[in-house]
Amino acid sequence: MTLSFVNKLFPEYADKQSVQEPIFSRKRLLAFGLTLLQLISILYIIKNFNIEKSSGISHIAFIIVLAFIVNSFVPLKFRQFILFNTCLTIILFAFGFLAGSLFLAIAFSIIGICHLKINYWYRVLLILGMGLVVFVLRIKLFYFQAGYSISPFLASMFMFRVIIYLYEIKHGMIPTSIWQSLCYFFLFPNICFLFFPIVDYKTFSKTYYNMADDELWQKGIRWMLRGLTHILAYRIVYYYFLIGHSDVTDLFSLLRYMTSSYALILRLSGLFHFIVGLLCLFGLNLPQVFNNYFLATSFTDLWRRINIYWREFMLKIFFYPIMFKLKKRVTHNLLAVTMLHVFVISWILHCYQLFWIQGSYQFNILDLAFWLILGGCITVNAVIQEKQSHIVVKERSVNIIYLFTIIKMLGMILFMSVMWSLWNSNTFTEWVYIMSNIRNCTIEDGILFFCGIVFVIGVGFITQIVLDKKIFKDLIGIKPQYTLFLTLPALLIILLCSFNVTKKVLPGSMYTFIKTIADEKLNRDDYNKVEDNYYKKLIDGEEGTVIGLWNLNFKTGKRNSTNAEIFIRTDGVFGKIYKPDLDVMINDKSFRTDSFGLRDKNYAFIKSSGTYRMALLGGSYEMGSGVDNDEVFETLVEKKLNSIYRDSTFSDFEIMNFAVGGFQAIQHIELCYTKVFQYKPDAVIYFAHSDEGMRLVNSFARLIYKKKNLKFPLLEFIKRTAVTPGMSESEISARLHPYEKVILKWAYSEISILCRKHNAIPVWVFLPTTTTTAANASVGELEVKKLATESYFVQIDLTGVYGSYDRKDIIISEWNTHPNGLGHVLIANKFYDELISNRKLIFTKNR
């Protein structure tokens, strides 16, 4: 390859070579060695602390390191070629050849259409046509596994960047080379992170290697480290401070709920800092993406600080064009009208983004309310500032300025916390109920709250005075590229904390703290949500709703069915029941039902002579969420009884599995009334779990909220608690909670009476959830066991069923905490042993 040919391929680098050190200079080699050491340390921390596991960033760490080394030592003119091929390698490595080739074919087609020598609007129509192709793949209109798997990643890569790219081409910006265009779209971290900063094409082009290598490297490391610290801070908030709706009972729990919800933005901030820092290592000197948003002192200041790339995108693509269009029509309040247009468009684009990432979108009035209220406040603030811009402000003392600044900061944090609580609520009624807990405030609480505010203002005031000293101002204002003295010690400390040997020499509380934040898992409230309601989608929770590079099996050709394909919806308390005679795949696991709609093998309606039949009542654990039919513990126990246990009275044992994900005691009672005793069981086995009473109350509240047809005893409870269907689900749960024991006692008695009536032995089994430990076991478990005894159940206690196994070895995933195959084996073994121990009470012939 001749030098002249290379210069034609890469013409944009002639003026950038001057800012670079010679490749093998001593200074550059030293900087490279220190950067490589820090990069490897960061990637090790990511793996050891399970940072964003689902993204797969730790799986491609070796590709990142190798690409960084090669990119650092090839001539500058070849580096975009290296950057593009890094993304290409990750795509083929992650998706496989078939899906990867399809990905590239669609991506190259979209980029190619942008450069067709045809009318601009024809190109837009062709791009929309390609978007329609990806849309069809995303919604599985015509199922194609490879296409469905790559569709969210394609969408994330092109949904905003292609808008910016077409805009720049329309306005005369011509790419200097094919590699510049390819690198703009093929930013390799995008294959790991679907939520990705909206990188501006003009900024991308102007800032590429506009700084010396060594400065870019250190700047990238600084931002990556800042991203990691934000994510770890997010974990602290999430694990230690965040509480659920049901935990909000007074002023202080409400403040905790609101502020901790708003603080969760740390995760997004952390991810974006990490992404931009990683790109910086490869020459993309992109500007800061978040700027100390908790320090905002006004609505417009917040708009300038939070997700800066989004703001710049909205200004360029929508704000200025709309203002120009409206300039001749709107003679008054042009700024206000334009900004309101922009915030409505912001809401639409967030819905658009959410659809591509989740694969579906359901209109949420609170989402719209959030954007309109926030947009309205920013608009009013901007208009006021515009009108006051010509007014001369009287000089104030520094102390007064400091005082007003900290008060305004606190005001913005409080406002955004309220807005975040609105955004996170399921309904407006629920939000109003949560906020109404502010009434539960005594005079002492009010005084304490006031004193707390004064204390925070005082601390903030003193902090500003200290930080205004030159030594601190210089330290805070130091550029990221000159922060090696900060990043090296910080990484060393985090690394030391990640080593098991170091952890063991730390004090017990410190060791527990590090162990807690060193893993990515659900907090207690979200665990309860996952286990309590199998149908409900969670923030990160329900299996299948989180899309990450290594959560999907891209290379499989199996057809996976959705909930809509396996359930029949009902208006009664069941809500959903399984379709009969199914043989499908769910999350790559076989899911089969018999002719009666049970997840089980086919049994004869009339049992044969000598058969001992048991009906099993349970939820998602007993149904076998996330495992094959043959792996469910009920199946294993039945096989074991028929192959190992010998009984002169019975020649065969059957366990009919009536379990359905999400079913609680109310649904089990209805099953007993309508289905179970048609099959003449000799025993009915009811499975209870940790937090049994809370689960029952939440299930009951959901039925009332959804206005299901309920029968007399339940109607009596509703009347007693003054619950109405118009209340929010949270308020209904709160009103039912004092009656938890009474409702549970009624449910147990009802099942037991029905069993005795039909000559079946009632068996109550306590099965701990995989997330229950000695430290977080429910204090109400003894009370629940006592209620089971009073209802004359034969009791089986499976406490300790998981033995000494580490939790991660017995669950399907951190986002699906149901037992995996090993977990079901452990349950089956202990359940079988307990059945045999209680055989004289259970295996008796009643008819």
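Our structure's up above, just so we're on the same page.
This one's a predicted model, so the numbers in the text were calculated from it and none came from an experiment. (Residues numbered from 1 in each chain as written. Predicted model: local features only at pLDDT ≥ 70, side-chain atom pairs only at ≥ 80, totals over all residues. Heavy atoms only, no water.)

Looking at the packing of aromatic side chains
Link 1 in the chain: One pass over the full model with this rule turns up 72 aromatic pairs.
Link 2 in the chain: Arranged with centres 5.1 Å apart and planes meeting at 90 degrees, the rings of Phe 81 and Trp 179 form a pair that is edge-to-face. Taken together, the residues Phe 81 in helix H4 (residues 79-114) and Trp 179 in helix H8 (residues 178-185) connect sequence positions 98 residues apart.
Link 3 in the chain: Judged by its relative accessible area of 34%, Phe 81 is partly exposed.
Link 4 in the chain: Take Trp 179: its relative accessible area is 16%, and that puts it in the buried class.
Link 5 in the chain: For the ring pair Phe 135 and Phe 355, a centre distance of 5.5 Å and an interplane angle of 35 degrees mean the geometry is tilted. Taken as a pair, Phe 135 in helix H5 (residues 120-138) and Phe 355 in helix H15 (residues 334-358) lie far apart in primary sequence, 220 residues in all. (Phe/Tyr/Trp six-rings, centres within 6.5 Å; stacked < 30°, edge-to-face > 60°. Helix = DSSP H or I, 4+ residues; strand = E, 2+ residues; numbered from the N terminus. Buried < 20%, exposed > 50% of the residue type's maximum accessible area, 1.4 Å probe, protein only.)

A short note on the sheet that holds strand E8 (residues 761-766)
Link 1 in the chain: Pairing within the open sheet is parallel, and its five strands lie in the order E6-E5-E7-E8-E9. The open sheet terminates on both sides in strands that have one partner only, identified here as strand E6 (652-657) and strand E9 (794-797). Neighbouring strand axes in the sheet, compared pairwise and without regard to direction, differ in orientation by 25 degrees on average.
Link 2 in the chain: Contacting E8 and E9, helix H33 (residues 781-790) runs over the sheet at an angle of about 175 degrees to E8. (Pairing = 2+ DSSP bridges. Axes fitted to C-alpha atoms, helices over the stretch in contact; angles between N-to-C directions. Contact = heavy atoms within 4.5 Å.)

Let's talk about the pattern of salt bridges
Link 1 in the chain: Under the definition given, this model contains 17 salt bridges.
Link 2 in the chain: In this structure, Glu 312 and Arg 311 form a salt bridge, with 3.1 Å as the shortest nitrogen-oxygen distance. (Salt bridge = Lys/Arg side-chain N within 4 Å of Asp/Glu carboxyl O.)

Quick word on the environment of Ile 811
Link 1 in the chain: Within the fold, Ile 811 resides in strand E10 (residues 811-813).
Link 2 in the chain: On a C-alpha basis, the gap between Ile 811 and Gly 823 in space is 6.8 Å, while along the polypeptide they are twelve residues apart.
Link 3 in the chain: The residues contacting Ile 811, other than those within four sequence positions of it, are Thr 770, Asn 816, Thr 817, His 818, Pro 819 and Asn 820.

Digging into unusual backbone geometry
Link 1 in the chain: Although it is not a glycine, Lys 707 adopts a positive phi angle of roughly 60 degrees.
Link 2 in the chain: Turning to its location among the elements, Lys 707 is positioned in the loop between helix H29 (692-705) and helix H30 (712-721).
Link 3 in the chain: Overall, the relative accessible area of 61% leaves Lys 707 in the exposed class.
Link 4 in the chain: Located in the positive-phi region is Ala 722, a residue other than glycine, with phi close to 60 degrees.
Link 5 in the chain: The residue Ala 722 is located in the loop between H30 and helix H31 (729-736) in this model.
Link 6 in the chain: The partly exposed category is assigned to Ala 722, whose relative accessible area is 45%.

So, the environment of Arg 161
Link 1 in the chain: As for its position among the elements, Arg 161 is in helix H7 (residues 161-170).
Link 2 in the chain: In this structure the C-alpha to C-alpha distance between Arg 161 and Asp 200, which are 39 residues apart in sequence, comes to 7.5 Å.
Link 3 in the chain: Excluding residues that lie within four positions of it along the chain, Arg 161 makes contacts with Ser 156, Tyr 184, Phe 185, Leu 187, Asn 190, Phe 196 and Val 199.
Link 4 in the chain: One polar contact links the side chain of Arg 161 to the main-chain carbonyl oxygen of Phe 185, over a distance of 2.8 Å. (Polar contact = N/O pair within 3.5 Å; in protein donor to acceptor, adjacent residues only side chain to side chain.)

With respect to the packing of H29 against helix H32 (residues 740-757)
Angle between the axes and distance between the axes: these two values describe a pair of packed helices.
Link 1 in the chain: Taken N-terminus to C-terminus, the directions of H29 and H32 make an angle of 90 degrees; their axes are 9 Å apart at the nearest point. As judged from the angle between their axes, H29 and H32 are roughly perpendicular. Listed contacts from H32 to Glu 692, Gly 693, Met 694, Leu 696, Val 697 and Phe 700 of H29 are Glu 740, Ile 743, Leu 744, Ala 747 and Tyr 748. (Parallel < 35°, antiparallel > 145°, perpendicular 65-115°, else oblique.)

Remarks on the nonpolar core
Across soluble globular proteins, you tend to see nonpolar side chains buried next to one another.
Link 1 in the chain: By size, the foremost hydrophobic cluster in this structure holds 167 residues, and its most contacted members are Ile 57, Phe 103, Phe 158, Phe 186, Phe 274, Leu 281 and Phe 313.
Link 2 in the chain: The leading source of residues in this core is H4, at 16 residues.
Link 3 in the chain: Not counting residues within four places of it along the chain, the set of residues in contact with Phe 103 comprises Ile 91, Phe 95, Ile 150, Phe 153, Leu 154, Met 157, Phe 186 and Ile 191.
Link 4 in the chain: Ranked by size, the runner-up nonpolar core spans 93 residues in total, among them Leu 582, Ile 586, Ile 669 and Phe 717. (Core = buried A, V, L, I, M, F, W, Y, C linked by side-chain atoms within 4.5 Å.)

A few points about a nonpolar patch on the surface
Link 1 in the chain: On the surface, Ile 462, Val 466, Leu 467, Ile 471, Phe 472, Leu 475, Ile 476, Phe 485 and Leu 486 cluster together into a nonpolar patch covering about 820 Å² of accessible area.
Link 2 in the chain: Of all the elements, helix H20 (residues 470-476) adds the most residues to the nonpolar patch, at four residues. (Patch = residues over 30% accessible without salt bridge, like charges linked within 9 Å, V, L, I, M, F, W, Y side chains within 5 Å. Areas by Shrake-Rupley, 256 points an atom, 1.4 Å probe, with all protein chains shown as cover.)

Observations concerning the packing of helix H11 (residues 251-263) against helix H17 (residues 398-424)
Link 1 in the chain: Two elements in contact, H11 and H17, have axes whose closest approach is 8 Å; the angle formed by their N-to-C orientations is 90 degrees. If you check the angle between H11 and H17, you find them roughly perpendicular. Contacts from Leu 255, Tyr 257, Met 258, Thr 259, Ser 261 and Tyr 262 in H11 reach Ile 413, Leu 414, Met 416, Ser 417, Val 418, Trp 420, Ser 421 and Asn 424 in H17.
Link 2 in the chain: For the contact of H11 with H17, the per-class residue count stands at nine nonpolar, five polar and no charged. (Nonpolar A, V, L, I, M, F, W, Y, C, P; charged D, E, K, R; others polar.)

Quick look at the pairing of strand E5 (residues 611-617)
Link 1 in the chain: Of all the seven residues making up E5, seven are buried; the element is thus mostly covered by neighbouring parts of the structure.
Link 2 in the chain: Here E5 shows two buried faces, one formed by Thr 611, Arg 613, Ala 615 and Leu 617 and the other by Tyr 612, Met 614 and Leu 616.
Link 3 in the chain: Across four bridges, E5 lies against strand E7 (residues 683-688) in parallel orientation. Directly across from Met 614, in E7, lies its bridge partner Ala 683.

Limitation: the analysis is restricted to geometry and does not speak to function.
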